[in-house]
Amino acid sequence: MSEISVEMTGETVGEAKWAAVRELERLRPGLNREAVRFQVVSEGERGLLGVGYEPARVVATVEEGEAPARAAAPFSAPRAGESADGARLREVVERIAHEIGVVCTVAVDESEDEIRVVCQGNDLGMLIGRHGQTIDAIQYLANAIVFRGRYEERKPLVVDAAGYRDRRQATVDALAVRMAEQASATGQRVELEPMTAIERKLVHEKLKDDPEVETASEGTEPNRYVVVYPRHVDV
């Protein structure tokens, strides 16, 4: 039985795998994703300020005679202890993960302040994306679907993957503090790297009560960024 193989690259191994699956689907419509085998050629190098960057590289292979893919499973029924919104959020994220080829479990964690779904699996890089862009987009889409046509007060919906949100918040908080100290010490504005709207909000929240600095967002999407100003400097 003959095989089809493609070699693709991406920012992460997960993104390279996703690109490879898409290319195999183009070459062989009806591809059974579960039959695809992957070989990681290189996990890539992030580099520093663009210097030394190397993309992740994978080879994906499938046998020509593999059975076509099964139809996507319908949304699952609500589970015990879930609210209606929590169940719907879980179902939306499960469907998105299935469609992009990510194998993971999705669990709901509800509190008085928010409804959070947490995805767990072996390779969630494709679900998270570069700088969290994919998971932020999934969260935005899930909010739009769950609350479509509703305008009453509601809990925020959060999509997380293997603790990514907490790790990223710690990183962004530490960056915000360092940049605030730099702006205060030099008396000059400090521009942060481009961030998603969710991460810019984290910076604003972290520094909103700092007596030495203030923040503002500048630029246009997708390159909008936060600027930290000493309070005595006119914005």
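Everything discussed here concerns the structure shown above.
First things first, this report covers the structure right here in the doc.

Reading the values: the criteria
- Residues numbered from 1 in each chain as written.
- Predicted model: local features only at pLDDT ≥ 70, side-chain atom pairs only at ≥ 80, totals over all residues.
- Heavy atoms only, no water.
- Buried < 20%, exposed > 50% of the residue type's maximum accessible area, 1.4 Å probe, protein only.
- Helix = DSSP H or I, 4+ residues; strand = E, 2+ residues; numbered from the N terminus.
- Arc of directions from axis to C-beta.
- Contact = heavy atoms within 4.5 Å.
- Axes fitted to C-alpha atoms, helices over the stretch in contact; angles between N-to-C directions.
- Parallel < 35°, antiparallel > 145°, perpendicular 65-115°, else oblique.
- Left-handed = near helix turned anticlockwise from the far one by under 90°.
- Nonpolar A, V, L, I, M, F, W, Y, C, P; charged D, E, K, R; others polar.
- Pairing = 2+ DSSP bridges.
- Salt bridge = Lys/Arg side-chain N within 4 Å of Asp/Glu carboxyl O.

Concerning helix α6 (residues 197-207)
Of all the positions in α6, only Glu 199, Arg 200, Leu 202, Val 203 and Leu 207 are classed as buried. The arc that holds every buried residue of α6, seen down its axis, measures 150°, which confines them to one face. Tucked into the core, α6 has its buried residues touching α5 (164-186), β8 (213-218) and β9 (225-230).

What about the packing of helix α2 (residues 84-99) against helix α4 (residues 133-146)?
Two quantities define a packed helix pair, namely the angle between the axes and the distance from one axis to the other. Two numbers describe how α2 lies on α4: the axes approach to 10 Å, and their chain directions differ by 130°. When the axes of α2 and α4 are compared, the pair comes out oblique. In this structure, α2 crosses over α4, and the sense of that crossing is right-handed. Facing α2, whose interface residues are Asp 85, Arg 88, Leu 89, Val 92, Val 93 and Ile 96, α4 presents Ile 138, Leu 141, Ala 142, Ile 145 and Val 146. Class assignment for the residues of the contact of α2 with α4 results in nine nonpolar, no polar and two charged.

A look at the sheet that holds strand β1 (residues 3-10)
As a general point, the strands of a sheet are linked pairwise by backbone hydrogen bonds and lie either parallel or antiparallel. The three strands are arranged β1-β3-β2 in an open sheet whose pairing can be described as antiparallel. If you trace the sheet from one side to the other, it starts and ends with β1 and β2 (37-42), each paired once. Within the sheet, the average angular offset between the axes of one strand and its neighbour, ignoring direction, is 20°. Sheet topology places β1 next to strand β3 (residues 56-63); eight bridges connect them, and they run antiparallel. When the sheet's bridge partners are listed, Glu 7 is paired in β3 with Val 59. Packing of helix α1 (residues 13-27) onto the sheet brings it into contact with β1, β2 and β3, and relative to β1 it is tilted by some 140°.

Section: the pattern of salt bridges
Pairs can form between side chains of opposite charge once their charged atoms are near each other. For the structure shown, the criterion picks out 15 salt bridges. Note that Glu 23 and Arg 26 form a salt bridge whose closest N and O atoms lie 2.6 Å from each other. Of this pair, Glu 23 and Arg 26 are both found in helix α1, three residues apart, which corresponds to roughly one turn of the helix. Accessibility expressed as a relative area gives 56% for Arg 26, which makes it exposed. Between Glu 114 and Arg 116 there is a salt bridge whose closest N-O contact spans 2.9 Å. Residue classification places Arg 116 among the buried positions, given a relative accessible area of 17%. Salt bridges sharing common partners tie together Glu 82, Arg 90 and Glu 94.

Section: the packing of α5 against α6
Two numbers describe how α5 lies on α6: the axes approach to 9 Å, and their chain directions differ by 55°. Relative to α6, α5 is oriented oblique. As α5 packs across α6, the resulting crossing turns out to be right-handed. Judged by residue contacts, Tyr 164, Arg 165, Arg 168, Gln 169, Val 172, Asp 173, Ala 176, Val 177 and Ala 180 of α5 engage Ile 198, Glu 199, Leu 202, Val 203, Lys 206 and Leu 207 from α6. Within the contact of α5 with α6, the residues separate by chemical class into nine nonpolar, one polar and five charged.

Observations concerning the environment of Ala 87
Note on placement: Ala 87 falls in helix α2. Assessed through its relative accessible area of 2%, Ala 87 is described here as buried. Between the alpha carbons of Ala 87 and Val 146 there is a distance of 9.6 Å; along the sequence they are 59 residues apart.

Limitation: the analysis is restricted to geometry and does not speak to function.
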